[in-house]
Structures are given as structure tokens and as C-alpha cells.
Amino acid sequence: MENWLKWMHRYVSPVFLALLVASFILWYIAKLSYTYTTEQTVRVSVDGQPFEVTCVVEGVGTNLFGYRVYMNKTLRIPLAELKTKRSYEEGHEGKLIIDPQSLQNALAPRFSDIKIISIGDIPEIDVPRNP
């Protein structure tokens, strides 16, 4: 290892290494200003029933990066905002099927600077009990 460091010091200038690192950082910052389309997992709670849904989103790289790193909260959506229908499938009685378009419309205003293009599979939720 020591011989390798001596070789590096002899043939590679410290100024060159500093400029190489600086150019990489500037390149990466420039790439973050592009518009990207990617998948984002969003945690949702509908009337206290949590689940995760995968969304295809579009936005500027800095916004997408920020949401990916800092988006660890659960979005609360009231059941009244969503279109649902009862499931009559065998073994799934007592479950509600959420309309994907209504969930997308409910999520869209909660993301101010990224656009939700589509919603993946949504799990069925339990029918709420009236007290």
C-alpha cells in the first residue's frame, strides 16, 4: 500500500485529484436538475389502515432525491376522499377495493413538486365498522 501511495504521489498531482473530485461533484449537481421518471414507494393510511403503494412519478432530480431520502412519513387519507367498492370475491368478503384513479387524485395534491403518473397495485382494506 505504501508503494502504491508513493507511485501515486510521484505521477498524479494532488491538484489534479482535487479538480477531478470537483468536476465529478459539479457533474452530479448538474444531473440533479434534469427531469426523471421513476418508481417511488409511498406509505398511505386510509382511516387508520396502513399500506404501501408503488407510484410512477416524474419530477426534477433534486425533488425526487429529496422525497426518496426524507419521505419516511405516512400520508393520511380519509376514506371519504376515495371511491371504493366492496369485494365479493371468495375469501375477501368484508374488504374494500380502492379505485386507483381516486387514490392518485387524492395523493397528487400532497406532492407539490412531483407529478404522479400512475399507481401500482393497491391492497384491499377492511370495511370500517360503524360504532
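Residues numbered from 1 in each chain as written. Predicted model: local features only at pLDDT ≥ 70, side-chain atom pairs only at ≥ 80, totals over all residues. Heavy atoms only, no water.

1. A closer look at the overall build of the protein chain
Assigned secondary structure in the protein chain consists of four helices and seven strands. In the protein chain, the order of α-helices and β-strands from amino to carboxyl end is α-α-β-β-α-β-β-β-α-β-β. A globule of 131 residues ought to have a C-alpha radius of gyration of about 14 Å, yet the protein chain, at 24 Å, is considerably larger. Projected onto its principal axes, the C-alpha coordinates of the protein chain cover approximately 80 × 30 × 25 Å. Of all 131 residues assigned to the protein chain, the portion counted as buried reaches 26%. (Helix = DSSP H or I, 4+ residues; strand = E, 2+ residues; numbered from the N terminus. Rg over C-alpha atoms; globule rule 2.2 N^0.38 Å. Buried < 20%, exposed > 50% of the residue type's maximum accessible area, 1.4 Å probe, protein only.)

2. Concerning the nonpolar core
Counting residues in hydrophobic clusters, the biggest one holds 25 residues, and the most contacted among them are Phe51, Val53, Leu103, Leu107 and Phe111. Once residues lying within four places of it in the same chain are set aside, the contact partners of Phe111 are Val42, Tyr67, Met71, Leu75 and Ile116. (Core = buried A, V, L, I, M, F, W, Y, C linked by side-chain atoms within 4.5 Å. Contact = heavy atoms within 4.5 Å.)

3. Quick notes on the packing of aromatic side chains
Under the definition given, this model contains two aromatic pairs. A ring pair is formed by Tyr34 and Tyr36, whose centres lie 6.4 Å apart and whose planes are at 35°; its orientation type is tilted. Since its relative accessible area comes to 32%, Tyr36 is described here as partly exposed. (Phe/Tyr/Trp six-rings, centres within 6.5 Å; stacked < 30°, edge-to-face > 60°.)

4. Quick notes on the domain arrangement of the protein chain
By a widespread convention, an interface's size corresponds to the accessible area lost as its parts come together. As far as domains go, the protein chain holds domain 1 (1-32) and domain 2 (34-124). Taking only C-alpha atoms into account, the centre of domain 1 sits 43 Å from that of domain 2. (Domains from an automatic or database assignment.)

5. Considerations on the sheet that holds strand β3 (residues 75-77)
With mixed pairing, the four strands of this open sheet are ordered in space as β3-β1-β2-β6. The open sheet has two free edges, formed respectively by β3 and β6 (115-119), since each of these has just one partner strand. Averaged over all adjacent pairs, the angle separating strand axes in this sheet is 45°, with direction ignored. Pairing geometry for strand β1 (residues 35-46) and strand β2 (residues 49-60), over twelve bridges, is antiparallel. Its bridge partner being in β2, Gln40 is matched across the sheet by Cys55. The strands that helix α4 (residues 100-107) touches are β1, β2, β3 and β6; relative to β6, the one it contacts most, it runs at about 160°. (Pairing = 2+ DSSP bridges. Axes fitted to C-alpha atoms, helices over the stretch in contact; angles between N-to-C directions.)

6. Side note on the pattern of salt bridges
Two side chains carrying opposite charge are able to pair once their charged atoms lie near each other. Counted according to the given criterion, the structure contains three salt bridges. Lys6 is the partner of Glu2 in a salt bridge, and the nearest nitrogen-oxygen pair spans 3.9 Å. One end of the pair, Glu2, and the other, Lys6, are both in helix α1 (residues 2-11), four residues apart, so they sit about a helical turn from each other. No difference in accessibility class separates Glu2 from Lys6, as the two residues are exposed. Among the salt bridges present, the one from Glu81 reaches Arg110, with a minimum N-O distance of 3.3 Å. Of the two residues, Glu81 is situated in the loop between β3 and β4 (84-86) and Arg110 in the loop between α4 and β6; the sequence distance between them amounts to 29 residues. With relative accessibility at 41%, the residue Glu81 sits in the partly exposed group. The class for Arg110 is partly exposed, based on a relative accessible area of 30%. (Salt bridge = Lys/Arg side-chain N within 4 Å of Asp/Glu carboxyl O.)

7. Some details on the environment of Ile114
By the element assignment, Ile114 lies in the loop between α4 and β6. Along the backbone, Ile114 and Glu58 are 56 residues apart, and their C-alpha atoms lie at a distance of 5.8 Å. Sequence-distant contacts of Ile114, that is, excluding residues within four places in its chain, are made with Val57, Glu58, Gly59, Asn63, Leu64 and Tyr67.

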